[in-house]
Amino acid sequence: MTKILFVADVFGKPGRNVLSAILPTFIAKNGVDFCIANGENAAAGKGLTPEIASLFFQSGVDVITGGNHLWDKKEVFQLLGNDQRVIRPANYPPGVPGPGAGVFTARNKKPVGVMNLLGRTFIREVDCPFRVALSTLEFFRDKTQTIVIDFHGEATSEKTALGWFLDGKVSAVIGTHTHVQTADERILPNGTAYITDAGMTGPFDSVIGVKKEMAIRRFLTQLPERFEPATDDLRLNAVFISVDGVSGKSTAIERIEIKLDDEY
């Protein structure tokens, strides 16, 4: 059995702080074999840098996934070219730097495949995530049966549809992007663990990570507003999955929310 922890979107410095404070102990106490974290918002709420990626890895993260904001810091282009542990959405057009998938070795020595996909509904025009998912699965053939997908999407219908589409073909489809943890975690009939959104790691006294007054002012005025991460009520959201190492089918999925001062 391989125990996989997926940490939801890490938002800005507050998210990085709660990640580094909680993750090492959680991994040790719960026997986590492999840890994935979405890092597209880790640099001041938008983007990722090599220094921040190093902090993730030092805290126990094995692979960082991305999304539509992954490109918001120019330093990420160097990072994607040099570190295969940073995965960008696989359904960007050909020629985009960085891998869209990879196979890695867990702490229990089992191979784990990771794929990142970006939704098209309400986000941007990219290649079809459904068709790209199927074609990318060929990359994993003969390498591993354990495959986890981070599907970074806005629409719950699109994420749910991909979960059903890939049921039995991958170990887990985990939704990210909305920063709101959903309560629909389940094992689909053919063994794929699914949740529409894993949530957010960062400040919950906020509007999905942003200082409340800034977000409210933007809605009231419709004027441009430079958002800043909030700072209070820090929590880590995650999903904990158990996967059979032979079949690649998931046997359990659990939603996790840990406040900074909680016992865990």
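Before reading further, recall that the structure is shown in the block above.
Residues numbered from 1 in each chain as written. Predicted model: local features only at pLDDT ≥ 70, side-chain atom pairs only at ≥ 80, totals over all residues. Heavy atoms only, no water.

### As for the sheet that holds strand E7 (residues 111–118)
Alright, step 1. Sheet architecture is open: six strands sit in the order E6-E7-E8-E9-E11-E10, paired in mixed fashion. Whereas interior strands pair on both sides, the edge strands pair on one side only; in this sheet they are strand E6 (101–105) and strand E10 (186–187).
Alright, step 2. Sheet topology places strand E8 (residues 147–152) next to strand E9 (residues 172–176); five bridges connect them, and they run parallel. What sits directly across from Ile 149, in E9, is Val 173.
Alright, step 3. Contacts between helix H4 (residues 129–140) and the sheet are confined to E6, E7 and E8, with E7 contributing the most and set at about 160° to the helix. (Pairing = 2+ DSSP bridges. Helix = DSSP H or I, 4+ residues; strand = E, 2+ residues; numbered from the N terminus. Contact = heavy atoms within 4.5 Å. Axes fitted to C-alpha atoms, helices over the stretch in contact; angles between N-to-C directions.)

### A word on the side chain of Asn 116
Alright, step 1. The residue Asn 116 is located in strand E7 in this model.
Alright, step 2. What makes Asn 116 buried here is its relative accessible area of 0%.
Alright, step 3. Beyond its immediate sequence surroundings of up to four residues, Asn 116 is in contact with Thr 65, Gly 66, Gly 67, Ile 87, Arg 88, Pro 89, Ala 90, Gly 100 and Asp 150. (Buried < 20%, exposed > 50% of the residue type's maximum accessible area, 1.4 Å probe, protein only.)

### A short note on a nonpolar patch on the surface
Alright, step 1. On the surface, Val 180, Val 207, Ile 208 and Phe 219 cluster together to form a nonpolar patch covering roughly 380 Å² of accessible area.
Alright, step 2. In this structure, Phe 219 sits in helix H6 (residues 212–221).
Alright, step 3. Of the residues examined, Phe 219 reaches a relative accessible area of 66% and is grouped as exposed. (Patch = residues over 30% accessible without salt bridge, like charges linked within 9 Å, V, L, I, M, F, W, Y side chains within 5 Å. Areas by Shrake-Rupley, 256 points an atom, 1.4 Å probe, with all protein chains shown as cover. Salt bridge = Lys/Arg side-chain N within 4 Å of Asp/Glu carboxyl O.)

### A look at the pattern of salt bridges
Alright, step 1. Per the stated rule, a full pass over the model turns up 10 salt bridges.
Alright, step 2. A salt bridge links Arg 107 to Asp 62; the nearest nitrogen and oxygen atoms lie 3.0 Å apart. Taken as a pair, Arg 107 in the loop between E6 and E7 and Asp 62 in the loop between helix H2 (50–59) and strand E4 (63–65) lie far apart in primary sequence, 45 residues in all.
Alright, step 3. Notably, a salt bridge pairs Arg 235 with Asp 233, separated by 2.7 Å at the nearest N-O pair.
Alright, step 4. Judged by relative accessible area, which is 16%, Arg 235 ranks as buried.
Alright, step 5. Ionic contacts of the salt-bridge type, sharing partners, join the residues Asp 233, Arg 235 and Glu 257 into one network.

### Quick notes on the nonpolar core
Alright, step 1. One finds Leu 5, Val 7, Leu 48 and Phe 56 to be the most contacted residues of the largest nonpolar core, which totals 36 residues.
Alright, step 2. Those elements giving two or more residues to this core turn out to be strand E1 (2–7), helix H1 (12–30), strand E3 (34–38), H2, helix H3 (76–82), strand E13 (234–243) and strand E14 (250–259).
Alright, step 3. With six residues, the top contributor of residues to this core is H1.
Alright, step 4. Those residues in contact with Phe 56, other than ones at most four positions away along the chain, are Val 10, Arg 16, Leu 19, Ala 37, Asn 38, Gly 39, Ala 42, Val 61 and Ile 64.
Alright, step 5. Judged by nonpolar contacts, the second largest core, of 21 residues, contains Ile 4, Phe 34, Val 243 and Ile 253. (Core = buried A, V, L, I, M, F, W, Y, C linked by side-chain atoms within 4.5 Å.)

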